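Summary of structural features
So the chains spell out like this:
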Amino acid sequence: MPHLYPVFLDLHTLSALIVGFGSVGQRKLAMLVPCAPRSVRILDTAPPAAEGQALLERARSVCACTFESRAFDEEDLAGTSLVFTCTGDRALNARIADLCARARILCNCTDNPPAGTFHVPAVARSGHLAAALSTEGASPALSRRWKEELTAWLAPRDRMAALMGALRPRILALNLPTPDNTALFRSLSSGALEEALARQDMPRALALLQELLPKALHPDLPDVLNSLNL
C-alpha cells in the first residue's frame, strides 16, 4: 500500500458535511471547530443529546453550523468539500464514500478508512504549533498516546514559533535580497535563541536578536518580545 500524503488544509473557504452525530461524529466536529471552516452541515436521524447540543452551540460561534434530523440524501454532497461518514451503518458509510469518490469530494470513512480518500491524524497542538501523527491505520491507539508526548514536546517551542511569526513580515518588509533573507532566517532558527525563549530569559533573547538582526529592526524588538508574554 502506498504511503499517505500529509497536508494541512485551510478550511475557512471550505464546507464540511458530517453524516452521523454520535460520539464519532462529535469528535469530528470538535476537531473542525478550532479550524473555523466556512460551514458545517450535520445530519442524523436522531436529535443530538445534551453534549452534542453544547458542541453545536460552540461550533456556531465560529462558523455556519447546521443540524438536520433526517437521513442522508445524495444531493447533500452539492457544494461540499469534506465529508465525514460517522453513522453506525457500514453499508451507508460505504455508499457515501463511493458517491464522494465519483464526485471527487474528499471523504473520511470512519469505519473503513481505505474506502475514503483521507485519514484524520492525531493532532498535537500548542499555540502556534501543530504536529500531525499517523500510523497509516496500523494503530490509532498508539497515535493517541504519542499525541500527548508530542504536545509536551511542542509546548516549550511555541514561543519560538510565535517570535518568528512576528519577525517574518518585518524582515521581509526590508526588501533584502533573497539569499540574505535565507541566511537571516537560518541564523534566527539557531538553538541559542530557542533555548533563551524556553527559559523565558528576555535579556538574553533580546541580546541575541540585536546581534542577528539589522539595526533597522532593533527599536521593535522589546515590543515583539513583550508580545510573547515572557
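As named in an unreviewed UniProt entry, the protein chain is precorrin-2 dehydrogenase, taken from Candidatus Desulfovibrio intestinipullorum. Comment text from UniProt for the protein chain, heading Pathway (unreviewed entry), reads "Porphyrin-containing compound metabolism; siroheme biosynthesis; sirohydrochlorin from precorrin-2: step 1/1." Listed in UniProt under the heading Catalytic activity (unreviewed entry), the comment for the protein chain reads: "precorrin-2 + NAD(+) = sirohydrochlorin + NADH + 2 H(+)".

Our next topic: the overall build of the protein chain. For the protein chain, the helix and strand inventory stands at 9 helices and 7 strands. Here the C-alpha radius of gyration of the protein chain, 22 Å, is well above what a compact globule of 230 residues would show, namely 17 Å. Across its three principal axes, the protein chain shows a C-alpha extent of roughly 65 × 40 × 35 Å. Entry remark: accessible area of the protein chain is about 13,100 Å², with carbon and sulfur atoms responsible for 55%. In the protein chain, the 23 positive side-chain charges and the 23 negative ones have mean positions that sit 2 Å from each other.

Attention now moves to a nonpolar patch on the surface. Taken together, the side chains of Tyr 5, Val 7, Leu 9 and Leu 106 define a hydrophobic patch exposed on the protein surface, amounting to about 460 Å² of accessible area. One can find Tyr 5 in the segment before strand E1 (15-19).

Nonpolar side chains in soluble globular proteins tend to end up buried together. Counting residues in each nonpolar core, the largest one holds 21 residues, and the members touching the most others are Leu 163, Leu 167, Leu 188, Leu 193, Leu 209 and Leu 213. Breaking this core down by element, the ones donating at least two residues are helix H5 (158-172), helix H6 (178-188), helix H7 (191-198), helix H8 (202-212) and helix H9 (221-226). No other element matches the 6 residues that H5 contributes to this core. When near neighbours in sequence (up to four residues on either side) are disregarded, Leu 193 contacts Met 160, Leu 163, Leu 188, Ala 205, Leu 208 and Leu 209. Core analysis: the second largest hydrophobic core is formed by 19 residues, Leu 11, Ala 16, Ile 18 and Ile 42 among them.

With that settled, the discussion passes to the side chain of Asn 93. One can find Asn 93 in helix H3 (residues 90-103). Among the polar contacts made by the side chain of Asn 93, one reaches the side chain of Asp 111 at a distance of 3.0 Å. Here Asn 93 is in contact with Thr 85, Cys 86, Thr 87, Cys 109 and Asp 111, once residues within four sequence places are set aside.

Rules of the game
- Every chain's residues receive numbers from 1 upward, in the order its sequence appears when written.
- Per-residue local features of the predicted model are confined to residues with pLDDT of at least 70, and side-chain atom pairs are confined, for both listing and counting, to 80 or more; whole-chain, interface and lining totals are unaffected and use all residues.
- Only heavy atoms go into the side-chain values, all of them from the structure, while hydrogens and water stay out.
- UniProt positions are given in the numbering used here, feature names are shortened, and annotations may be inferred rather than shown by experiment.
- The helix count covers DSSP runs of H or I at least four residues long, the strand count covers runs of E at least two residues long, and both are numbered beginning at the N terminus.
- Radius of gyration here uses only the C-alpha atoms, and the compact-globule reference equals 2.2 Å multiplied by the residue count raised to the power 0.38.
- Note on areas: Shrake-Rupley, 1.4 Å probe, and residue coverage restricted to the protein chains presented here.
- Think of it this way: Lys and Arg go in the positive column, Asp and Glu in the negative one, and His and the chain ends go nowhere.
- Positions of charges follow a simple convention, taking NZ of Lys, CZ of Arg, CG of Asp or CD of Glu.
- Each patch is built from residues lacking any salt bridge and having more than 30% relative accessible area; the joining distance is 9 Å for like charges and 5 Å for nonpolar side chains (Val, Leu, Ile, Met, Phe, Trp, Tyr).
- Salt bridge, as used here, is a side-chain nitrogen of Lys or Arg placed within 4 Å of a carboxyl oxygen of Asp or Glu.
- Residues belong to one nonpolar core when they are buried, are Ala, Val, Leu, Ile, Met, Phe, Trp, Tyr or Cys, and are joined through side-chain atoms within 4.5 Å.
- For every residue, the accessible area obtained with a 1.4 Å probe (protein chains only) is divided by the maximum for its type, and the residue is called buried under 20%, exposed over 50%, and partly exposed between those limits.
- Residues are treated as being in contact if the distance between any of their heavy atoms lies within 4.5 Å.
- Throughout this description, a polar contact denotes any pair of N or O atoms lying within 3.5 Å of each other; where both atoms belong to protein, one of them has to be capable of donating a hydrogen while the other can accept it, and for residues adjacent in sequence the pair is counted only when both atoms sit in side chains.

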